[in-house]
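# Observations on the model geometry
Single-letter residue listing:
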Amino acid sequence: MAEGRGGGARYIVGIDLGTTNCALACADLAQLTREGAAPSVAEVPVWQLVGPGECAQRALLPSNIYLPSEHELTPGALRLPWGEERFAVGELAKSRGAQVPGRFVSSAKSWLCHAGVARDAPILPWGAPEGVDRLSPIEASAHYLRHLAAAWEASHPGATLSEQEVLLTVPASFDEVARELTVRAAREAGIAKLTLVEEPQAAFQDWISRGGKEAARNLGEHRLILVVDVGGGTSDFTLVKVTSSEREGRTLERVAVGEHILLGGDNMDSALARRVEARLGQKLEAARWSALVQSCRRAKEELFAPDAPERRTVSVAGRGSGLVGGTLSAELSREEVRRELLDGFFPRTRPGDLPQRGGRAGLMELGLPYASDPAITRHLAAFLTRHAAALGDAGSAMLRPDAILLNGGVFTPRAIAERLIEVVSGWFSGRPPIARLELAEGALELAVARGAVFRGLARRGLAPSIGGGSSRGYYVEIETPQGARALCLIPRGMEEGREVELPRTFALSLERPVRFELLETRTELPGAAGELHELESESEPDGESRFHRLPPIETRLSSGAESPQARGNRPPQLPVRLRAALSEIGTLELWCQSAMDERRWKLEFQLRGGAGAEGDGALAEVAPMPKRFGEARVLVERVFGAKAIQVERREIKDLARDLERTLGARDGWSSPLCRELWSALHAGFARRRRTADHERLWCNLTGYCLRPGFGAPLDGWRAGETFKAFEQGLQYRSEPHNWEAWWVMWRRVAGGLDAAQQGKLFEQLEAALRPQQRPKGAATKSAKGGSEGTVEMVRLLGALERIEPRRKEEAGEWLLRRLEVEGPAEHLLWTLGRLGARVPFAGSSHEVISVTCAEEWLGRLMPLAGSAREGAALSFALCQLARLSGDRHRDLAAERRAEVLAVLGALKAPPELRRHLMEVVADEAGERARLFGESLPAGLTLLE
């Protein structure tokens, strides 16, 4: 039996792991009393805490966690039928979190698809104060699933959830990584066997299955059904095609899914909160803002209820404690809430009105990169335009569905549902209004869990089946003589459980990680597995690329022999073929299969957030090298080769100049060329210590060729290999130029080092740079390096973006003390700017210093503006400390930014620099170079 099909299970269990709420449903297979009779599908009320020490069953489990302080609650306050818990989950967490938002975890599901952070790092609650426990998005999701499993088993003694047939729902637009992370969370919760089901498909499955003959009649002559699922965090669009034939009768097939749109009920709550905040007349800090959002959510639900009052008071605690700080209050009227949500999120638009791009990089009030355009109707127009050519009438600019099924808590207010139907129908003037297929009363928040159960019954022929296979096609980027191409691994629509082997052979290096650049598309492209497609020409009608990059997938092909690098040889190569499959769970699996024997290597996604996640190319030569590259390699091997060749000292010192004569000026070297030169230098790793000149030159060229440590294939592995030199130490440390080159190299490659490696660098810098705490040995080494060595050590501090914020704050204090003694030196100001940056260059956004600390540093830096010395460096530091990120947890108050803007004006800072304090701006190439501190390799793409 295939994994997840639950051959010995008594129950089919559907789990809706929602952004706002979770739900359970089940069918008892023991009810199968006669052939063809399906058991009923029922919701499963979930045990949860509704107050301290008060436990009850509720239809929904709010997707919230509250992390109480050690003595906040009395013993037994978190006791559930299965025992005492450490954290509150559900209703109690929701109510408690509104009062103490700094200990409140919400929207964990949205964080699972946020590639800009380390999703397995403890980052939630986002912006929580020091001393609060934190969870990773994966851990938070696992907590919800663990709670659901315990609640299930409390209501069904003897029927362990892991032994049942479990179907877990995910947004149709979730990419492969978010799906993998969801599966990982389920396994951490003890649910090892499961199948993933797309949420819009589950909602339609519920409608068609529960409706029976009546649903079939309502379907009538409809041939294309649009499912619009808007939940707390995402807007998900799916198209289901209905066909009829005498032989097969009526068949249902999911034919298209939308792009991932991080936009839903959470954004609506934030929009209302911004309206109330403006009425209060002050910008709220992160904690009170979170409390206001929760208060607005409750007000929204009340004011959209059938018996809603005319007005509702929204309150948030004032500054300070209770009676001293007072309470801030404002009113929201039923009409303005209706107007804000309808006109802001479901405006009446024309068919050609597509999502507005540019401007703000996205609404990040809650720390997440939400869609920059809040109009769901415009996103829906883009979806229908994108699929018009493949699924519509010839020449039609927009696809017209025959009927629409709405799902998600956002559509509970009838006014919102009616507005969406009105807008979509209006796009097709002169034609009858589009029909609306309605879920059963009260089903909007339960349909997905029930539909997942019906999906399980459909496998047994006990419910209508919806086909469609994979909702996306998977491709791998390869280099061909004609340039980069997308090689099809799995075409869109391929059924689960199938495996394919690509009819191409690759030459891969053994004993080193290899990487594949994986792409996906939700648009059907002609051709089977193994066919090539051009990357640049494959674009949608709205101008967007059809291909979307996933994090790289990597493995290390081991021959079982001694590493060739250890012997000074180039890695041997092995001919392999790629094999790809869609697992029964619904996730992608990829292997390298030896073309010579039975050996096989599984490829794994690299899931770390931040730029350092960039990996390396699979093929030995991923880009054409200059014609004289072979000569350049010979030059490197002559100096660092395995055989000790008599080389004049001048020849060693002139290697860099000779390389430029051969390959052109260094600042024009491309990223692939730099990385290939790094490979030649790394082959001479063991010979870098032959002389002081060898060591200094190796450090200079290695750092230059690997800068900034990320952004090109295999950089994570390269940086780790280079770090072995740090663990061995500098041989000629008494040579000032070697000491300086040593620290320059680590600054250049730091972006590719992990947190532990950067921590080791910090510890050595701390010994030399911490005021009045320099061990004698460290002080001597630094002194021998001279002032330039110290300067480069200081600059390296600024590149350590993955160290803990407390360490950054500590290091900043050292530098501020130096400023008081040495004056506003450029290297001190640049490093302070990097340490306190609101938007990291290579790190994760959860690792920035606190707003309080950033404001304190600004208070000590701004008075320096009276001196003309180092005005550009001071402007840079002030900009980095006060830059607008769009994330309230990281951003300074508007009044403080205004003060910094005034100082920047006095310093005559360029307009593009000041603009960073007024709006969210994506970095351009020049800004990236300033952040890095020098030029970046030509053609390098730094992925977000």
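Above this note sits the structure.
Residues numbered from 1 in each chain as written. Predicted model: local features only at pLDDT ≥ 70, side-chain atom pairs only at ≥ 80, totals over all residues. Heavy atoms only, no water.

### Overview of the sheet that holds strand E11 (residues 104-106)
- The 3 strands lie next to each other as E10-E7-E11, forming an open sheet whose pairing is antiparallel. Looking at strand neighbours, the two that pair on one side only are strand E10 (88-89) and E11, the edges of this open sheet.
- Bridge count between strand E7 (residues 64-66) and E11: 3 bridges; the pairing is antiparallel. Counted as the bridge partner of Asn64 is Ser106 from E11.
- Running over the sheet, helix H3 (residues 137-155) touches E7, E10 and E11 and is turned about 100° from E7. (Pairing = 2+ DSSP bridges. Helix = DSSP H or I, 4+ residues; strand = E, 2+ residues; numbered from the N terminus. Contact = heavy atoms within 4.5 Å. Axes fitted to C-alpha atoms, helices over the stretch in contact; angles between N-to-C directions.)

### Section: the nonpolar core
- In this structure, Trp669, Trp743, Trp746, Leu761, Leu796, Leu861 and Leu878 are the most contacted members of the largest nonpolar core, which totals 86 residues.
- Listed in part, the 75 residues of the second largest apolar core include Trp207, Ala271, Val314 and Phe428. (Core = buried A, V, L, I, M, F, W, Y, C linked by side-chain atoms within 4.5 Å. Buried < 20%, exposed > 50% of the residue type's maximum accessible area, 1.4 Å probe, protein only.)

### Considering the side chain of Glu277
- Here Glu277 shows up in helix H6 (residues 265-280).
- Classification of Glu277 as buried rests on a relative accessible area of 8%.
- The residues contacting Glu277, other than those within four sequence positions of it, are Gln282, Lys283, Leu284, Trp289, Leu292 and Arg888.

### Digging into the packing of aromatic side chains
- With the rule as written, the count across this model stands at 17 aromatic pairs.
- Residues Trp111 and Trp126 carry aromatic rings whose centres are separated by 4.8 Å and whose planes lie at 35° to one another, so their mutual orientation is tilted. In this pair, Trp111 is assigned in helix H2 (residues 108-111) and Trp126 in the loop between H2 and H3, connecting sequence segments 15 residues apart. Here the two residues Trp111 and Trp126 agree in accessibility, since each one is buried.
- Ring geometry for Phe237 versus Phe383: centroids 5.6 Å apart, planes at 45°, classification tilted. One end of the pair, Phe237, is in strand E15 (residues 235-245); the other, Phe383, is in helix H10 (residues 376-386), and 146 residues separate them in sequence.
- Looking at Phe237, the relative accessible area reads 2%, which means it is buried. (Phe/Tyr/Trp six-rings, centres within 6.5 Å; stacked < 30°, edge-to-face > 60°.)

### Thoughts on the sheet that holds strand E20 (residues 435-437)
- The mixed open sheet is built from 6 strands, whose spatial order is E20-E19-E14-E15-E16-E21. What marks the edges here is a single partner per strand, and that holds for E20 and strand E21 (466-467).
- Where strand E19 (residues 403-407) meets E20, 3 bridges bridge the pair, whose relative direction is parallel. The residue of E20 that forms the bridge with Ile404 is Arg436.

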